[in-house]
Amino acid sequence: MAKIIMQPSGKSVDCAYGDTVLMALEKSGYALPNNCRAGACGECKVKVTSGQFDQGIVLDMALSQDERRQGYGLMCMAKPISDEIVIEWGTEDARPKLFPPRENALFVVVDKRQIAARVVELRLRPVGQAIRYWPGQYVTIGDPRANIPARAYSISNAPRPDGELVLQVARADSGVTSNWVHEQLQIGDNIKVSGAYGTFIGDPAVDTPVLCLAAGTGLAPILALGEAALRRGFKKPVTMIFSARSREDIYAQGMMAWWRTKHRNFDYKITLTREQAEGYLAGRIDVVLPKLFPDLSKHTVFIAGSPEFVDTCVAAVKAQGARPETIYTEGFFAQQQPVVADAEHLLPA
Ligand SMILES: Cc1cc2nc3c(=O)[nH]c(=O)nc-3n(C[C@H](O)[C@H](O)[C@H](O)COP(=O)(O)OP(=O)(O)OC[C@H]3O[C@@H](n4cnc5c(N)ncnc54)[C@H](O)[C@@H]3O)c2cc1C
Ligand code: FES
């Protein structure tokens, strides 16, 4: 067992043997931003000011050699190897923000249906205790014993008393886990779910208009955030823009239409990037945005989808005046399997 000390708060958490720093922080309820949990995106980078850790094998584009020399590490892959490590993270009071994630909680697939050309929706119900989560977070599912790696899927519904989780899974060409979900996973199957993870969560105290941008199944966490905000009576304008390639890729339109009818402050628009059709916008979000939202300086913006989509949208909303500190993103990185490290990848103290 190692100790991780967070500065400037001085608070500490225990890290069980074999756990990463990220896992240890999350188990104690501390929110460290993360996207891929596999050393590929750089989201979980923090400075380690003392102690030693095994960084594991991570991508150079996520953690450069220069950053390594300065003491930075990717906490999703870092495992302490000294009794104590000190990291720069959090505020003076390091307030806990997230529910500790659970591992391999047993769920049953109570429903599975095709909701768009390449997307199935799963309804998973817990057999025991529900997984507690904030809207916008994700869980991982897979079947490692059958060589189906655990992959991240955003929860698309706000928390419910019965603990049911709704996931929307797009089929990735030659993708192992998504094809397993589409082809093999059946209604009635047992499934192990881990989570909830991630920090793509709305600040309940936000008091600005909100713009949500989603492409493909990036809509899933946006739906959860929207449902939770509207349910708690959020009064500022909320607009969702959903980018789909063509009409066969659209889903959840009924729910968004219902929200629009029920809540005066909610509106949604769908833009098609590879088809023109009446009633829909045409073109990528960065093309349609300037006309719809010439001034985003007072908005909070949530963006979810592929990393390329997220990057494009961040640039587009900044060009319309959105402030970096009010932009929240979730990039659906394709994940790689963690690989065991060798001595060369250990950081000096
Ligand atoms: C925070 C987060 C939330 C997410 N939420 C969702 C969600 O709500 N819904 C959703 O659908 N997805 C979501 N994802 C993406 C999801 O986790 C998976 O990455 C996705 O389903 C693909 O997994 P897979 O196992 O099917 O594909 P993989 O087997 O990992 O393959 C990924 C891609 O790489 C290609 N590939 C695989 N092997 C090779 C190879 N040897 N050479 C070249 N190319 C190869 C495949 O063709 C495929 O396109 C999320 C990701 C993150 C990080
Ligand atoms: S590099 Fe750690 S979460 Fe992506």
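Scroll up for the structure.
(A) Just the site of ligand 1, in detail. For ligand 1, the set of nearby residues contains 24 residues, the closest of which are R151, A152, Y153, D173 and S178. Between R151 and ligand 1, the recorded distance is 2.8 Å, taken from a side-chain N or O atom to an oxygen atom. D173 is positioned with one of its backbone polar atoms (N or O) 2.2 Å from an oxygen atom of ligand 1. Against a free-state accessible area of 980 Å², the protein chains account for coverage of 70% of ligand 1. Applying the majority rule of atoms within 2 Å of the grid points places ligand 1 in the largest pocket. Counting residues per element, the ones that place at least two in the shell around ligand 1 are β11 (148–154), β12 (165–170), α3 (176–183) and β19 (327–331). Partitioned by chemical class, the residues of the shell around ligand 1 number 11 nonpolar, 10 polar and 3 charged. Residue assignment places the shell around ligand 1 across two domains, with domain 2 (102–197) and domain 3 (210–331) each supplying three or more.

(B) A look at the packing of helix α6 (residues 285–292) against helix α7 (residues 307–319). As a packed pair, α6 and α7 sit with axes 9 Å apart at the nearest point and diverge in direction by 25°. Of the possible angle classes, the one that applies to α6 and α7 is roughly parallel. The way α6 lies across α7 gives a crossing that is right-handed. Together, I285, D286 and L289 of α6 and F309, T312, C313, A316 and V317 of α7 make up the contact between the two elements. Along the lines of polarity and charge, the residues of the contact of α6 with α7 split into 6 nonpolar, 1 polar and 1 charged.

(C) Molecular detail of the packing of aromatic side chains. All chains considered together, the criterion is met by 5 aromatic pairs. Ring centres 5.9 Å apart and planes at 80° place the aromatic pair F200 and F302 in the edge-to-face group. Linking F200 in the loop between β13 (190–197) and β14 (210–215) with F302 in strand β18 (residues 300–305), this pair joins segments that are 102 residues apart in sequence. With a relative accessible area of 2%, F200 lands in the buried category. In this structure F302 comes out as buried when scored by relative accessible area, which is 5%. Positioned over the ring face of Y197 is R37, at 3.7 Å from the centre of the ring.

(D) Quick peek at unusual backbone geometry. Backbone torsion omega between Q7 and P8 reads 15°, so that peptide bond is classified as cis. Its location among the elements puts P8 in the loop between β1 (2–7) and β2 (12–15). That bond from G195 to A196 is cis: its omega, 5°, falls within 30 degrees of zero. The backbone phi angle of N104 is positive, close to 55°, even though this residue is not glycine. Summarising the element assignment, N104 is placed in strand β8 (residues 102–116). You can call N104 partly exposed: its relative accessible area is 48%.

(E) Representation of the layout of surface pockets in the model. Looking at the largest pocket, its volume works out to about 1300 Å³. Lining the largest pocket are 45 residues, with A170, G216, T217, S306 and F332 positioned closest to its centre. Within the residue set of the lining of the largest pocket, elements represented by two or more residues are β11, β12, α3, β15 (238–244), α6, α7 and β19. At 5 residues, the largest contribution of residues to the lining of the largest pocket is made by α7.

(F) Structural context of the sheet that holds strand β16 (residues 266–272). Within the open sheet, the 6 strands sit side by side as β17-β16-β15-β14-β18-β19. Their pairing is parallel. The open sheet has two edge strands with one neighbour each: β17 (281–282) and β19. Sitting on the sheet, helix α4 (residues 219–231) is in contact with β14, β15, β16 and β18, with an inclination near 155° to β14. This element, α7, spans β14, β15, β18 and β19 of the sheet and lies at about 160° to β18.

(G) A look at the pattern of salt bridges. For the coordinates displayed, the defined rule picks out 18 salt bridges. The partner of D267 in a salt bridge is K269, with the nearest N and O atoms 3.5 Å apart. The class of D267 is partly exposed, set by a relative accessible area of 26%. Measuring nitrogen to oxygen at the nearest pair gives 3.1 Å for the salt bridge that ties D286 to R284. On the accessibility criterion, D286 (26% relative accessible area) is partly exposed. Where salt bridges share partners, they join R113, E121, R123, R125, R160, D162 and E164 into one cluster.

What counts, and at which threshold
Residues numbered from 1 in each chain as written. Chains lettered and ligands numbered in written order. Predicted model: local features only at pLDDT ≥ 70, side-chain atom pairs only at ≥ 80, totals over all residues. Heavy atoms only, no water. Near = heavy atom within 4 Å. Polar contact = N/O pair within 3.5 Å; in protein donor to acceptor, adjacent residues only side chain to side chain. Areas by Shrake-Rupley, 256 points an atom, 1.4 Å probe, with all protein chains shown as cover. 1 Å grid on protein atoms, 1.4 Å probe; cavity = no way out; pocket = protein on both sides within 12 Å on 5 of 7 lines; lining within 4 Å. Sits in = over half its atoms within 2 Å of the grid points. Helix = DSSP H or I, 4+ residues; strand = E, 2+ residues; numbered from the N terminus. Nonpolar A, V, L, I, M, F, W, Y, C, P; charged D, E, K, R; others polar. Domains from an automatic or database assignment. Axes fitted to C-alpha atoms, helices over the stretch in contact; angles between N-to-C directions. Parallel < 35°, antiparallel > 145°, perpendicular 65-115°, else oblique. Left-handed = near helix turned anticlockwise from the far one by under 90°. Contact = heavy atoms within 4.5 Å. Phe/Tyr/Trp six-rings, centres within 6.5 Å; stacked < 30°, edge-to-face > 60°. Buried < 20%, exposed > 50% of the residue type's maximum accessible area, 1.4 Å probe, protein only. Lys NZ or Arg CZ within 6 Å of the ring centre and 35° of its normal. Points joined across faces, edges and corners; volume = space filled by probe spheres on them. Pairing = 2+ DSSP bridges. Salt bridge = Lys/Arg side-chain N within 4 Å of Asp/Glu carboxyl O.

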